[in-house]
Amino acid sequence: MSTQNEASKATQCAALLMGPKDIQSGQVPVPAAPGKGEALIRVTQVGVCGSDLHTFIDGRIGDTVPEGPFVLGHEFAAVVEAIGDGAKDGFGNALQVGQRVAVEPAQPCGKCELCLTGHPNLCPDHKFCGVWPTPGALQAKMVVPGDTCFPVPDCIDDEQAALLEPMGVGLHAIDLAHIRVGYSVAIVGSGTIGLCCAQVAKLAGASPLFVTDRLAHRLKVAESYGATAINIDQNDPVEAVMQATGGRGVDVAIEAAWSSKDSVMQAVDMLRPGGRLVVVGISGDDKLEFQHSTVRRKGVTIAMCRRMKHTYPRAIELVSTGKYTFDGLVTNRYKLDETTKAFATAADYNSGAVKVMIEI
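In this text the structure is predicted, and so the values were computed from the model without any measurement. Residue numbering note: each chain is counted from 1, following its sequence as written. Confidence filtering applies because this is a predicted model: local features only for residues at pLDDT of at least 70, side-chain atom pairs given and counted only at 80 or more, and all residues used for totals across whole chains, interfaces and linings. Water and hydrogen atoms play no part in the side-chain values, which are based on all heavy atoms of the structure.

Engineer: In this structure, what is going on with the overall build of the chain? I would like to understand it.
Structural biologist: Scanning the chain for helices and strands turns up eleven helices and 17 strands. Based on C-alpha atoms, the radius of gyration is set beside the globule rule, defined as 2.2 Å times the residue count to the power 0.38. Taken against the 2.2 N^0.38 rule, which gives 21 Å for 360 residues, the C-alpha radius of gyration of the chain at 21 Å falls within 12% of a compact globule. For each residue, the accessible area found with a 1.4 Å probe, counting protein chains only, is set against the maximum for its type, and the residue is called buried under 20%, exposed over 50%, and partly exposed in between. Of all 360 residues assigned to the chain, the portion counted as buried reaches 53%. Considering only contacts within the chain whose residues lie at least 6 apart along the sequence, 72% involve residues at least 24 apart. Per-residue accessibility takes into account occlusion by the displayed protein chains alone, with areas from the Shrake-Rupley method and a 1.4 Å probe. Summed over its atoms, the accessible surface of the chain is roughly 15,900 Å², and 50% of this surface lies on carbon and sulfur atoms. His residues and chain termini do not enter the charge count, which takes Lys and Arg as positive and Asp and Glu as negative. For the purpose of locating charges, the reference atoms are NZ of Lys, CZ of Arg, CG of Asp and CD of Glu. Once the 32 positive and 39 negative side-chain charges of the chain are each reduced to a mean point, those two points are 5 Å apart. Each helix corresponds to a stretch of at least 4 residues labelled H or I by DSSP, and each strand to a stretch of at least 2 residues labelled E; elements are numbered beginning at the N terminus. Throughout, a residue-residue contact means that at least one pair of heavy atoms, one from each residue, lies within 4.5 Å.

Engineer: For this particular structure, what's the right way to read the layout of surface pockets?
Structural biologist: Picture a little ball the size of a water molecule; that probe, rolled over the atoms, points out where space is still empty. Grid spacing is 1 Å over the protein atoms alone, the probe is 1.4 Å, and a cavity is where that probe fits but cannot get out, while a pocket is an open set with protein on both sides within 12 Å along at least five of seven lines and lining residues have an atom within 4 Å of a point. Grid points are joined across faces, edges and corners, and a volume is the space filled by probe spheres set on the points. If you add up the space inside the second largest pocket, you get close to 420 Å³. Lining the second largest pocket are 19 residues; nearest its centre among them are Glu104, Ala106, Pro108, Pro120 and Asp147. Contributing elements (two or more residues each) for the lining of the second largest pocket: strand 6 (106–107) and helix 10 (312–320). Its residues assigned to classes, the lining of the second largest pocket shows ten nonpolar, six polar and three charged. Amino acids are sorted into nonpolar (Ala, Val, Leu, Ile, Met, Phe, Trp, Tyr, Cys and Pro), charged (Asp, Glu, Lys and Arg) and polar (every other residue, Gly among them).

Engineer: Mind showing me how you'd approach the sheet that holds strand 14 (residues 271–279) here?
Structural biologist: Through backbone hydrogen bonds, the strands of a sheet pair up, either in parallel or in antiparallel fashion. DSSP calls a pair of strands paired once it identifies at least 2 bridges connecting them. Ordered in space as 12-11-10-13-14-15, the six strands form an open sheet in which the pairing is parallel. Looking at the sheet topology across the chains shown, the edges are occupied by strand 12 (228–231) and strand 15 (301–304). Sheet twist, expressed as the average angle between the axes of neighbouring strands with direction ignored, equals 20 degrees. The pairing of strand 10 (residues 185–188) with strand 11 (residues 209–213) spans four bridges and is parallel. Looking at strand 11, one finds that alanine 186 is bridged to phenylalanine 210. Fitted lines through C-alpha atoms give the axes, limited to the stretch in contact for helices. The angle between two N-to-C directions lies from 0 to 180 degrees. Lying on the sheet, helix 8 (residues 261–270) is in contact with strand 10, strand 11, strand 13 (250–255) and strand 14; it crosses strand 14 at an angle near 145 degrees.

Engineer: Got a minute to help me understand the nonpolar core in this structure?
Structural biologist: Generally speaking, nonpolar side chains in soluble globular proteins are found buried as a group. We call a set of buried Ala, Val, Leu, Ile, Met, Phe, Trp, Tyr and Cys residues a nonpolar core when their side-chain atoms join them within 4.5 Å. With 53 residues, the main nonpolar core has Leu164, Met167, Ile187, Ile254 and Val278 as its most contacted residues. Of all the elements, helix 4 (residues 158–177) adds the most residues to this core, at eleven residues. Not counting residues up to four positions away in its chain, the partners in contact with methionine 167 are Cys196, Ala315, Leu318, Val319, Tyr324 and Phe326. In terms of nonpolar packing, the next biggest core, distinct from the first, is built from 37 residues, Phe56, Val80, Cys129 and Ala137 among them.

Engineer: Any chance you could explain the pairing of strand 17 (residues 355–359) here in plain terms?
Structural biologist: Regular strands have side chains that alternate between both faces of the sheet. With four of five residues buried, strand 17 lies mostly within the body of the structure. When strand 16 (residues 330–335) meets strand 17, the two strands line up parallel, connected through five bridges. Considered in strand 17, the bridge of valine 330 is made with lysine 355.

Engineer: Help me out: how do you make sense of empty space enclosed by the protein in this one?
Structural biologist: This structure, assessed with the given rule, holds one cavity of 30 Å³ or more. As a volume, the largest cavity reaches approximately 30 Å³. Thr55, Ile61, Thr64, Pro66, Phe70, Leu72, Gly130, Val131 and Trp132 together form the lining of the largest cavity. Residue composition of the lining of the largest cavity, grouped by class: six nonpolar, three polar and no charged.

Engineer: Whenever I open this one, unusual backbone geometry confuses me. Can you help?
Structural biologist: Peptide bonds are, in most cases, trans, and in most cases residues other than glycine have a negative phi. Residue proline 133 follows tryptophan 132 across a cis peptide bond; omega there is 10 degrees. By the secondary structure assignment, proline 133 is in the loop between strand 7 (127–128) and strand 8 (141–145). The peptide bond linking serine 207 to proline 208 adopts the cis configuration, its omega dihedral lying at 0 degrees. As for its position among the elements, proline 208 is in the loop between helix 5 (192–204) and strand 11.

Engineer: What should I look at first to understand the environment of glutamine 291 in this one?
Structural biologist: Looking at the secondary structure, you find glutamine 291 in the loop between strand 14 and helix 9 (292–298). Accessibility expressed as a relative area gives 45% for glutamine 291, which makes it partly exposed. Any pair of nitrogen or oxygen atoms within 3.5 Å is treated as a polar contact; in protein, a donor-acceptor pairing is required on top of that, and neighbouring residues in sequence qualify only through side-chain atoms on both sides. A polar atom in the side chain of glutamine 291 sits 3.1 Å from the side chain of serine 293.

Engineer: Would you mind going over helix 4 with me for this structure?
Structural biologist: It helps to recall that an α-helix has 3.6 residues per turn; residues three or four apart then point in one direction. In this analysis, the expected span of each helix is defined as 1.5 Å times one less than the number of residues it contains. Between the first and last C-alpha of helix 4 there are 30 Å, a value that for 20 residues agrees with the 28 Å anticipated at 1.5 Å per step. What the bend at a residue measures is the angle between two axes, fitted to the seven residues ending there and to the seven starting there. Remark: the principal bend of helix 4, roughly 35 degrees, maps to glutamate 165, with a proline, proline 166, within the next four residues. With a side-chain oxygen lying 3.2 Å from the backbone nitrogen of glutamate 159, the N-terminal cap of helix 4 falls on aspartate 157. Downstream of helix 4 by one or two residues, histidine 178 has phi in the positive range, about 55 degrees.

Below, the structure written as structure tokens:
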């Protein structure tokens, strides 16, 4: 038997989603050698994202349903173990074996109209790690396009490198918000994405900045990032924002929860006439609902946040220079063989978790 055939039969550890709320430790094939422009990477850290939880809880995200055992995970960091011919990183430099990298999970075609006009996050012919049918990062090794790998400096550890992905979503959401210095901003939901949005909004000059949630431990992190926290179990969030703004409302509202009818309408009701709504959350029932008359009469501009684009260089710069911090974000850490427990913790809003990380 040839060495190549032996390698094709070799397996590695992975966490496999078997169905709703059913993740099991299993084996998947060891990846083949990287081809032209590709990199073989060893995964080091993976974050559990809210979009992962949709697939874990409901067995789908939107209308995408895994058709068999599947590897989740799209917030990840890795080490380059081998490179194919001509493989270049996300900065356009030659990849090197041994480099520590943050990995962009999206793999756009690079040739369509949207890619060529600067919108690879909207590419209709893309792959995305951890969304069916492209396996994700909850496995030992993967082969990815070299240009999805962004080398990180030593001052950014593996855990922080993985968190550059949700930070990137926050950067993209604030780009869509068109925040100017002194704009008032309200963020509905203080999960990882909401907290990332809060920090970036503050950097963009938002003042005042409000963040709402019902979980005190998450609101405490929001306060540490300079936001005014509003506990929705203790106060009507819309009334609180209106009172704080003298009845005017905020310039920008960002929905970063699960896009339920209540959370979207709260964001709309917080806006001033002519304000801007950015929807980042993904709804469990795949619907987006708000009161038409309110949105129409306020003349609300609505922007939908589709993942991110061109954010890793900025994210690395902001973290490496100390302008952005992940302090207080990671609350729970697990190993790969504890993935079931990690997802159960992340899905339990009474667990006290903010961000759950898995070490591979």
